[in-house]
Amino acid sequence: MDLARKLKIRSLVNVASEGIPYCWPMRSFIYRNPLHNLEKIPFKEAVEIGRTTFKAKGYLSRGEYQKIYREKKIKKEKLIEAVEEFLKRQTKKSSLDLDFKNLVFNLLTQTPELKPYENLHKIYPCSASKELLDSLTREFYENPKEACAELLLSVGYKNTLYEAVDELIGSSLKDTIDELTIKSVEDFLDEGQSNVEMPKRELGFFKSWKELASRNLRFSIATGKNLKKLVSQFEEPEEALDFVLNTWELPESIWDSCLTLELSQLKGFAGYIKWRMNNKNFHWQREYPVDMVEYAAVRLTIAKALLDAQKHLPFKPTYKGLEEFLTQNPEKAYLMHEYFSSKAESSFIQHLPDCFKKPERIIKKYLHLKSYTKAVNTLIFLEQWLNMIGISLKNLSLEHILELLSFYKNLEKEEGHLWLRALEESVYEELLTKLKFSSNHRSNEKKISAQALFCIDARSERFRRNLEGLGRYETYGTAGFFGIPMAFVELTKGHEEYLCPVLIKPSNVVLELPVSDDESHLKAHHIVEEVIHDLKFNVLTPYVMVEAIGFLFGFDFIGKTFLPREYSRIKDKILNSSRETSLLTDKFTDEEIENIIGSKPLDKLTLSHIRDRFKRIGFSYKEQALLAAVALQMIGLTQNFANLILIIGHESQSDNNLYESSLDCGACGGASGVYNAKVFCQMANNPQVRSILKVTHEINIPEDTVFVPAVHNTTTDKIALYELGKVSAKYTQTLKNLKEDLEIAARLTREKRGVELGINPDHASEEIYQNAYDWSQIRPEWGLSGNYAFVIAKRDITLEIDLKGKVFLHSYDWKQDKSGFLLENILSGPMVVAQWINMEYYFSTTDNEGYGSGSKIYHNAVGTFGIMTGNFSDLKTGLPAQTVLKGDIPFHNPVRLLVVVQAPVDFAAAILNKLTKIKKLAQNQWIHLIILDEQKQNLYRYQNKDWQEINPKGEIYEKSLST
Amino acid sequence: MRNLYLHELKKVEIICTGEDKDFVLDLLEKAGVSGYTIIHNLSGKGSHGFYEGQLLFNEEDPLVMIISVMSEEKVDAVFAGMTPFLNKHSGVVFVSDIKVSRLEKFNK
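Residues numbered from 1 in each chain as written. Chains lettered and ligands numbered in written order. Predicted model: local features only at pLDDT ≥ 70, side-chain atom pairs only at ≥ 80, totals over all residues.

Here's the deal with the overall build of chain A
When helices and strands are counted, chain A shows 39 helices and 19 strands. Put simply, chain A has 963 residues, and 50% of those count as buried. (Helix = DSSP H or I, 4+ residues; strand = E, 2+ residues; numbered from the N terminus. Buried ≥ 20, exposed ≤ 12 C-beta atoms within 10 Å, placed from the backbone.)

Notes on the overall build of chain B
The helix and strand inventory of chain B stands at 2 helices and 6 strands. When the helices and strands of chain B are read in sequence order from the N terminus, they spell out β-α-β-β-β-β-α-β. The contacts of chain B with a sequence gap of at least 6 include a subset with a gap of at least 24, amounting to 79%. (Contact = placed C-beta atoms within 7 Å.)

A few points about the interface of chain B and chain A
Contact with chain B, which involves 27 residues of that partner, is made by 25 residues of chain A. Mapped onto the side of chain B that touches chain A, the elements with two or more residues apiece are helix H1 (21-30), strand S4 (49-51) and helix H2 (72-86) of chain B. Top element by residues in the side of chain B that touches chain A is H2 of chain B. It accounts for 9 residues. Here the side of chain B that touches chain A is composed, by residue class, of 14 nonpolar, 5 polar and 8 charged. (Nonpolar A, V, L, I, M, F, W, Y, C, P; charged D, E, K, R; others polar.)

Focus: the nonpolar core
Counting residues in each nonpolar core, the largest one holds 286 residues, and the members touching the most others are Ala628, Ile647 and Phe680 of chain A. The residues touching Phe680 of chain A, leaving out its near neighbours within four places in the chain, are Phe482, Ile484, Ala628, Ala631, Ile647 and Phe707 of chain A. (Core = buried A, V, L, I, M, F, W, Y, C linked by C-beta atoms within 7 Å.)

Some details on the pairing of strand S3 (residues 486-489) of chain A
All names here are of chain A. Burial of S3 is two-sided: the residues Met486 and Phe488 facing one way and the residues Ala487 and Val489 facing the other way are all buried. Inspection of the sheet shows S3 paired to strand S4 (residues 496-499) by 4 bridges, in the antiparallel sense. Across the sheet, Ala487 pairs through a bridge with Tyr498, a residue of S4. (Pairing = 2+ DSSP bridges.)

Focus: unusual backbone geometry
All names here are of chain A. Phi at Phe482 takes a positive value of approximately 50°, unusual for a residue other than glycine. The topology assignment puts Phe482 in the loop between strand S2 (473-478) and S3. Owing to 32 C-beta atoms within 10 Å, Phe482 belongs among the buried residues under this scheme. The phi angle at Asn640 is positive, at roughly 50°, despite the residue not being glycine. Here Asn640 lies in the loop between helix H30 (621-634) and strand S7 (644-651).

Describing the packing of helix H1 (residues 3-16) of chain A against helix H14 (residues 255-264) of chain A
Residues and elements named next belong to chain A. Interaxial distance between H1 and H14 falls to 8 Å at its minimum, and their mutual angle equals 60°. As far as their axial angle goes, H14 and H1 are oblique. Where H1 crosses over H14, the handedness of that crossing is right-handed. Each of Leu12, Val13, Val15 and Ala16 in H1 lies in contact with H14, whose residues at this interface are Trp255, Asp256, Leu259, Thr260 and Leu263. Tallied by class, the residues present in the contact of H1 with H14 amount to 7 nonpolar, 1 polar and 1 charged. (Axes fitted to C-alpha atoms, helices over the stretch in contact; angles between N-to-C directions. Parallel < 35°, antiparallel > 145°, perpendicular 65-115°, else oblique. Left-handed = near helix turned anticlockwise from the far one by under 90°.)

So, the sheet that holds strand S16 (residues 897-902) of chain A
Residues and elements named next belong to chain A. In spatial order, the strands read S11-S10-S16-S17-S18-S19; together these 6 strands make up an open sheet with mixed pairing. The open sheet has two edge strands, strand S11 (807-811) and strand S19 (946-950), and neither has a second partner. Direction aside, neighbouring strands of the sheet carry axes that sit 25° apart on average. Sheet topology note: the S16/strand S17 (residues 927-933) ladder contains 6 bridges and is parallel. Across the sheet, Leu898 pairs through a bridge with His928, a residue of S17.

Quick word on the sheet that holds strand S9 (residues 719-721) of chain A
All names here are of chain A. Ordered in space as S2-S1-S7-S8-S9, the 5 strands form an open sheet in which the pairing is mixed. Of all strands in the sheet, those with a lone pairing partner are S2 and S9, marking the two edges. Neighbour to neighbour, the strand axes of the sheet diverge by 25° on average, direction disregarded. Across 8 bridges, the pairing between S7 and strand S8 (residues 706-713) is parallel. Residue pairing for S8: Glu651 is matched across the bridge by Asn713.

What about the domain arrangement of chain A?
All names here are of chain A. Partitioning chain A into domains gives domain 1 (1-30 + 172-309), domain 2 (111-171 + 316-387), domain 3 (450-477 + 624-950) and domain 4 (509-618). Taken residue by residue, the interface counts 22 residues in domain 1 and 19 residues in domain 3. For the side of domain 1 that touches domain 3, the secondary-structure elements that each account for two or more residues are helix H9 (173-189) and helix H15 (267-277). (Domains from an automatic or database assignment.)

With respect to helix H19 (residues 330-340) of chain A
All names here are of chain A. Counting buried positions along H19 gives 9 out of 11 residues, so the element sits mostly inside the fold. Every buried residue of H19 is listed here: Glu331, Lys332, Ala333, Tyr334, Leu335, Met336, His337, Glu338 and Tyr339. Each element contacted by the buried residues of H19 is listed here: helix H7 (144-153), helix H8 (161-169), helix H18 (319-328) and helix H20 (363-387). Residue Ser342 follows H19 closely and has a positive phi angle near 55°.

Details of the pairing of S17 of chain A
Residue and element names in this part refer to chain A. Extensive coverage of S17 is indicated by the burial of 7 of its 7 residues. In S17, alternate side chains face the same way, and those of Ile927, Leu929, Ile931 and Asp933 on one face and His928, Ile930 and Leu932 on the other are all buried. Two elements, S17 and strand S18 (residues 938-943), share 4 bridges in a ladder whose sense is antiparallel. Pairing of Asp933 across the sheet is with Asn938, part of S18. Counting the residues between successive antiparallel strands, the hairpin from S17 to S18 contains 4 residues, one of them, Gln937, with a positive phi of roughly 50°.

Details of H1 of chain B
Along H1 of chain B, the positions that sit buried rather than exposed are Phe23, Val24, Asp26, Leu27 and Leu28 of chain B. Considering only its buried residues, H1 of chain B is in contact with H1 of chain A together with strand S1 (7-17), strand S5 (63-70) and H2 of chain B. Directly after H1 of chain B, the chain includes Gly32 of chain B, whose backbone phi takes a positive value near 80°.

Structural notes on the packing of helix H6 (residues 130-139) of chain A against H20 of chain A
Residue and element names in this part refer to chain A. Two numbers describe how H6 lies on H20: the axes approach to 8 Å, and their chain directions differ by 120°. Between H6 and H20, the interaxial angle falls into the category oblique. Note on packing geometry: the crossing formed by H6 with H20 is right-handed. Counted together, Leu133, Leu136 and Thr137 of H6 and Ser371, Tyr372, Ala375, Val376, Thr378 and Leu379 of H20 form the full contact between these two elements.

Looking at the environment of Asn871 of chain A
Topologically, Asn871 of chain A is positioned in the loop between strand S13 (866-869) and helix H37 (881-884). For the pair Asn871 of chain A and Ala861 of chain A, spaced 10 residues apart in sequence, the C-alpha to C-alpha distance is 8.9 Å.

A short note on the confidence of the model for chain B
Residues and elements named next belong to chain B. Within chain B, residue pLDDT values average 88, and 97% of them lie at 70 or more. For chain B, the element scoring lowest by mean pLDDT is S4, at 74; S5 scores highest, at 95. Taken together, the chains of this predicted complex give a pTM of 0.89 and an interface ipTM of 0.91. (pLDDT = per-residue confidence, 0-100.)

Some points on the confidence of the model for chain A
Residue and element names in this part refer to chain A. Summary statistics for chain A give a mean pLDDT of 85 and a share of 88% for residues scoring 70 or more. By mean pLDDT, helix H24 (residues 535-538) is the weakest element of chain A at 37, and strand S10 (residues 789-793) is the strongest at 97. Note that residues 518-561 has pLDDT below 50 and, in this model, 76 contacts with residues that lie over four places away or in other chains. Scored below 50 in pLDDT, residues 954-963 makes 12 contacts in the model with residues more than four places away or belonging to other chains.

Thoughts on the environment of His697 of chain A
Residues and elements named next belong to chain A. Relative to the helices and strands, His697 is located in helix H32 (residues 687-697). Taking C-alpha positions, His697 is 37 Å from Leu607, a pair spaced 90 residues apart along the chain. Dropping the residues within four chain positions of it, His697 is found in contact with Ala625 and Ala629.

This is the structure:
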């Protein structure tokens, strides 16, 4: 195949797959906007594309919004405002003298819902005049030719070629193609769970599948000899794609949209393959490579073979064949489509198939009856609607009716967004009216026992409030990786995990090593010594020899090179005997690296590879100081350090929960935050690092200040403290008090949380602990459900508001950020992570089956990497029903993230202006931005590409709210 | 000592966001381009306004430049590959004539 053609096909697939969201392995659930790649266009438009591409809803239904409205979470005045906004956007001046505001408001809030249902005429009589009914019937007449043209145009817009065929002839090609594709990818992607491995996987997906497809019985049953014949023609996946798209005679202009639809059919598997393709170092990807081009080629080859095998098709199985059939037999095609796509008028359904051969016998009658029924239903609906504001249908002419219908059509399109705006403004107002301007007189006045850094995670907020309430503590919020972007090799896992936001690929590795001086390790010691003879004396002096094994685990490449046979035996031995561990955060010197690897009989390339890996280990002191400095500056903690500073990561705890990692720390790549906390403390407690902090970064941490790592278990709200051995004995009493206070704060937090979990506060602690260990518990905690805002400010402005664990809090003091560097990085890092979390919750709520993963009850793990519903489905993406819904009512209020920045408006606006991507996010309304300017004592909102003074209540902002 | 001769080749410079870097690198690999240089964290001004260079915790948004050297035929192939991408994305491709002394480094 010509190289240029090949590359063009690859690029086409790449562009077509952009809308497919990543599906991470279930071990590391990462939040991401399922429409992330559509963020460059306005939210509203992206939701519409999501509807056609993924067949998923981006807004709740009217009924669901009504439930929220009845719970008073949507305020009446906000709904009215949203209706007014909608009416303002109607460009066409109405000739109707109607109270549209009331008309719309009543329609939206009326229960049971009023819509032009298809069977209204079976329930209600129609009082419209015969004339009106006849006129409207004529208006609604469908034209078979137009309907056929519409079906053809749907190919590449919302249908694949075979879906259009399914709609036309009632086949189920799509289901069979899905089934065969799932079978193919599931076998290939298996990560050691299956007993019988797919052969030749090392050849890559397309090539190994080709082998399998030409022999497999399942494929032969579905496609006859077609598939075998077809696959034998291709060497490369690009050839297969080119062949199928060409022989289907699809216009080249719709190739990319056809490919997008193709890849969206099983967006879970496609998303997982996309993730693997972009994580080339992932073990299974290195062993058995797969990419989107191969996946698309496999799927399309199956589709082509199956379509060709349909002997009963009334046309050639190509786009042109379909086009010809639709153009030459519009009436027949129309009737078939009506019947097979369930659009047919009910009283005619049973007669339709008999008329496919001679459509002229029935077509006129059918068209009349269909439009007549539609006219009756519509008029009944309009009558009921108008009655709400006391207007009779009889007063309206046909023109009026048509105008009203066109108005209704617009409303139907905008309704979801209208409700969303009302919900958002209601929710935001709760926060905005309570924010206080900073006062500068607080912390210095009282004696602080300890300071505590928590993750921005909304769940920290409750704990922070309860701890602060005890009076002796100051808390800060920061992204829970504490500014340490690291790859981490946990001793027992033996592979690198990225413990940082997925926006970055860390270049430094931290290793967990066992600490032990147990004599029983001597044997292992000898084996290792043979290959790394003087490691003990040169490199890891504080550790005994076997610790090197922990190190080797992280690099199976090295492990296998040095210890091809003993590798797994030693690993087991060491793991069984190690108890305490330590983290290797410092860098090796070049000399140390040479001492380790210098004498090995390895070729140049391997040596240089190993050398590079060693160089990635740890951080230099300068790097450590810089990271610690930025982390502290970001939250405004650069002086007045307490004696004890807790660095609190977070993790969750549940049994038998495939979604456990979705409850862990998003800023740590869906893992526990404990290691980042430990590493941060190790760095910040290091005297050499502190001295650089003082000299270079002007941050003088008192000698007797100690950083203590800890982890907040968000399921039980227990805080575990680590490395207390490093805390000076003079803090024994402080530490004792601290532990007691943490217990009290945990109990208070559990009681508050218990209410939402339906637990009696009196025994909240008991039940919450039970849930964490109960393997049948489907909702150990609500996670980040309810999140709606991200506040970048000093704690003062939110200190007195109970935010109910729904707001991300990032500490920030603009006075310590002369250049705006810190704000820039908060907005482009942590804020983006929060926005992804927010959007994942949003879409998992608006369509839990389409964007979320449905009910956990039916979930099963597949191939150890993903989750299926039942024993055969696409991979599930997004959040389960139990995280966002309570029964059939959304527990999570699906609103977009409100970002509040506390800073002078000109300063913050200038920073945002520099951050093109973030500005675009706001312009396209994926987030709402507000600046709280304490100097001007006002709030500013980013609207229509400008900053506008706002007041949360719709009146002049009450300065009395401020201090 | 061997004499050095200059051979005519093309230099291709592609600017894209960090998020799209892997796509471009894959394209170059598949085109058989033997090497490339990546410059991270570009800053500057273009049709979309000012682009800030370095962000601490975000490698997806900042722009990168990928510089490679190749024969004219490969330029055509790379360009064909970039076409669907550039139809949808912002990004820039510069192609210029250059001369290199050690041809074997670029013709693997």
